[in-house]
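What follows is each chain in one-letter form.
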Amino acid sequence: MQKSLKNPGFLVFIGLLLVIAVAGAWLVRVNTPFGLGMYPDSVTYIQGARNLLDGNGFTQFSGTDVL
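## Regarding the overall build of the protein
In step 1: Looking only at helices and strands, the protein features 3 helices and 0 strands.
In step 2: Going from N to C terminus, the protein has its helices and strands arranged as α-α-α.
In step 3: Within the span of the protein, comprising 67 residues, buried residues form 4% of the whole.
In step 4: Just so you have it, the protein exposes about 6,000 Å², and 68% of that area is on carbon and sulfur atoms.

## Side note on a nonpolar patch on the surface
In step 1: On the surface, a nonpolar cluster with roughly 550 Å² of combined accessible area is contributed by Phe10, Leu11, Phe13, Ile14, Leu17 and Leu18.
In step 2: Along the chain, Phe10 turns up in helix 2 (residues 8–31).

## Some remarks on the confidence of the model for the protein
Detail in the predicted coordinates should be disregarded across regions flagged by low pLDDT.
In step 1: In this model, the protein carries a mean pLDDT of 79, and residues with pLDDT of at least 70 account for 70%.
In step 2: Taken element by element, the protein is modelled with least confidence in helix 1 (residues 2–5), mean pLDDT 66, and with most confidence in helix 2, mean pLDDT 93.

## A closer look at the environment of Thr32
In step 1: Residue position: Thr32 is located in the loop between helix 2 and helix 3 (41–54).
In step 2: In this structure Thr32 comes out as partly exposed when scored by relative accessible area, which is 22%.
In step 3: Here Val28 takes part through its backbone oxygen, which lies 2.4 Å from a polar atom of the side chain of Thr32.

## Regarding helix 3
In step 1: Here helix 3 spans 20 Å end to end across 14 residues, near enough to the 20 Å set by a 1.5 Å rise per residue.
In step 2: Those residues of helix 3 that sit buried are Gln47, Gly48 and Asn51. Looking straight down helix 3, one finds that the buried residues subtend no more than 100° of arc, so they occupy a single side. Along helix 3, exposed side chains directed more than 90 degrees from the buried face belong to Tyr45, Leu52 and Leu53.
In step 3: The positive-phi residue at the C-terminal boundary of helix 3 is Gly55, with phi of around 85°.

## Some details on helix 2
In step 1: With 24 residues, helix 2 ought to run about 34 Å at 1.5 Å a step, and its terminal C-alpha atoms sit 34 Å apart, in line with that.
In step 2: Two or three places before Gly9, at the opening of helix 2, Asn7 has a side-chain oxygen 3.2 Å from that residue's backbone nitrogen.

Basis of the calculations
Residues numbered from 1 in each chain as written. Predicted model: local features only at pLDDT ≥ 70, side-chain atom pairs only at ≥ 80, totals over all residues. Heavy atoms only, no water. Helix = DSSP H or I, 4+ residues; strand = E, 2+ residues; numbered from the N terminus. Buried < 20%, exposed > 50% of the residue type's maximum accessible area, 1.4 Å probe, protein only. Areas by Shrake-Rupley, 256 points an atom, 1.4 Å probe, with all protein chains shown as cover. Patch = residues over 30% accessible without salt bridge, like charges linked within 9 Å, V, L, I, M, F, W, Y side chains within 5 Å. Salt bridge = Lys/Arg side-chain N within 4 Å of Asp/Glu carboxyl O. pLDDT = per-residue confidence, 0-100. Polar contact = N/O pair within 3.5 Å; in protein donor to acceptor, adjacent residues only side chain to side chain. Expected span 1.5 Å × (residues − 1). Arc of directions from axis to C-beta.

Here it is as structure tokens:
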């Protein structure tokens, strides 16, 4: 393992990998300021199904209801 750490090509690969990882994390953070999945479709589908089963009919999800 020490032999591969002294290889300049391996160190360049690790450096590029770290740069790509940091850039990817930064892009995700910039593009999702409120977090991932802020308005997931599955929550709307589940709430609609629960309302139908409760006999309330299909209602629109406002984003403020708590499941």
